[in-house]
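# Observations on the model geometry
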Amino acid sequence: MPSARIDTIVGTLSVTEAEGAITSLTWKDQGNDRTALLDRAIEQLNAYFASELQIFDLPLHVAGSDFQRAVCDAMLAIPLGQTRTYGDISKALKVPPQPVGNACGANPIPVIIPCHRVLGANGLGGFSGGTGIETKIALLKHEGAASLLI
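Conventions adopted
As a convention, each chain's residues are numbered from 1 in the sequence order in which they are written. The predicted nature of this model means local features are confined to residues of pLDDT at least 70 and side-chain atom pairs, given and counted, to a pLDDT of 80 or more, with totals for whole chains, interfaces and linings taken over all residues. As a convention, hydrogens and water are excluded, and side-chain values are obtained from all of the structure's heavy atoms. Helix and strand definitions follow DSSP, with helices as H or I runs of at least four residues and strands as E runs of at least two, each counted in order from the N terminus. Only protein chains enter the accessibility calculation, which uses a 1.4 Å probe; a residue whose area is less than 20% of its type maximum is buried, one above 50% is exposed, and one in between is partly exposed. Pairs of residues are marked as contacts when any of their non-hydrogen atoms sit within 4.5 Å. Using a 1.4 Å probe, accessible areas were evaluated by the Shrake-Rupley method; residue-level cover was limited to the displayed protein chains. Working convention for charge: Lys and Arg count positive, Asp and Glu count negative, and His plus the chain ends are omitted. Taken as the charge location is NZ of Lys, CZ of Arg, CG of Asp or CD of Glu. For two strands to be treated as a pair, DSSP must find at least two bridges joining them. Throughout, an axis means a line fitted to C-alpha atoms (over the contacting stretch in the case of helices), and angles, computed between N-to-C directions, take values from 0 to 180 degrees. The nonpolar core is taken to be a set of buried Ala, Val, Leu, Ile, Met, Phe, Trp, Tyr and Cys residues, with the residues joined through side-chain atoms within 4.5 Å.

### Some points on the overall build of the protein chain
- Scanning the protein chain from N- to C-terminus turns up 5 helices and 5 strands.
- Moving toward the C terminus, one meets the helices and strands of the protein chain in the order β-β-β-α-α-β-α-α-β-α.
- In the protein chain, buried positions account for 42% of the 150 residues.
- Long-range contacts, defined here as pairs at least 24 residues apart, represent 55% of the contacts in the protein chain between residues at least 6 apart.
- When the accessible surface of the protein chain is split by element, carbon and sulfur atoms take 51% of a total near 7,600 Å².
- Charged side chains of the protein chain number 11 positive and 14 negative; the gap between the two group centres comes to 8 Å.

This is the structure:
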């Protein structure tokens with residue numbers, strides 16, 4: 001599958017596509033492919049990290065269960081600079097919070113699908129990308145949500 005990398009404030013990211021959709025974003029230094037979609041993804045990621053883009057406009061494909069896709073859809077609905085809790089999403093989907101947390105942790109396209117905007121009821125919760133919580137904090141600060149961290 002074609003992939004391309006980009007250096008960002010949260011490390012080197014690699015974005016991958018398959019069959020006309022973005023399928024993953026990882027903290028890896030791999031990929032130097034050029035496709036129209038990957039070029040568009042890199043352009044949008046650059047704009048996001050330059051604070052010039054608030055909403056990604058890319059075709060996404062989340063492999064996994066209907067529940068995984070529903071949680072990803074809920075995360076996509078969280079506006080830049082805002083957060084929700086695992087409990088907020090669990091209430092909306094009528095499921096317990098723990099599976100929501102597991103689905104957030106399994107998000108295959110972090111940053112673009114903003115799992116970093118989902119917090120625990122009494123703290124930051126987890127983050128499986130980059131260097132973990134430090135990366136989550138950096139993304140929230142970048143989005144102007146730093147006041148939520150106090």
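What follows picks up the thread again.
### Some words on the sheet that holds strand β3 (residues 21-26)
- If you trace the 3 strands from one edge of the open sheet to the other, you get β1-β2-β3, paired in antiparallel fashion. The sheet is open, and its two edges are formed by β1 (3-8) and β3, each paired on a single side. Between one strand axis and the next, the sheet turns by 25 degrees as a mean value, whatever way the strands run.
- Bridging between β1 and strand β2 (residues 11-18) involves 6 bridges; their strand directions are antiparallel. Paired with D7 across the two strands is T12, which belongs to β2.
- Packing against the sheet, helix α1 (residues 36-49) makes contact with β1, β2 and β3, and its axis sits at approximately 15 degrees to β1.

### Considering the nonpolar core
- In this structure, I22, L45, F49, F56, M75 and V111 are the most contacted members of the largest nonpolar core, which totals 36 residues.
- Of all the secondary-structure elements, those providing two or more residues to this core are β1, β2, β3, α1, α2 (66-76), α3 (86-93) and α4 (97-105).
- Among the elements that line this core, the one with the most residues is α1, at 8 residues.
- Sequence-distant contacts of V111, defined by excluding residues within four places in its chain, comprise L25, W27, L45, Y48, F49, F56, H116 and L139.

### Examining unusual backbone geometry
- Backbone geometry at S51 places phi at a positive 60 degrees, although glycine is not the residue there.
- Within the secondary structure layout, S51 lies in the loop between α1 and α2.
- Relative accessible area serves as the criterion here: at 55%, S51 is assigned to the exposed category.
- The phi dihedral of V111 falls on the positive side, at around 75 degrees, and the residue is not glycine.
- Locating V111 in the fold gives a position in the loop between α4 and β5 (118-119).
- On the basis of relative accessibility, which here comes to 1%, the residue V111 falls in the buried class.

### Topic: the side chain of H116
- Looking at the secondary structure, you find H116 in the loop between α4 and β5.
- In contact with H116, other than residues within four places in its own chain, are Y48, V111, F127, K136, L139, L140 and E143.

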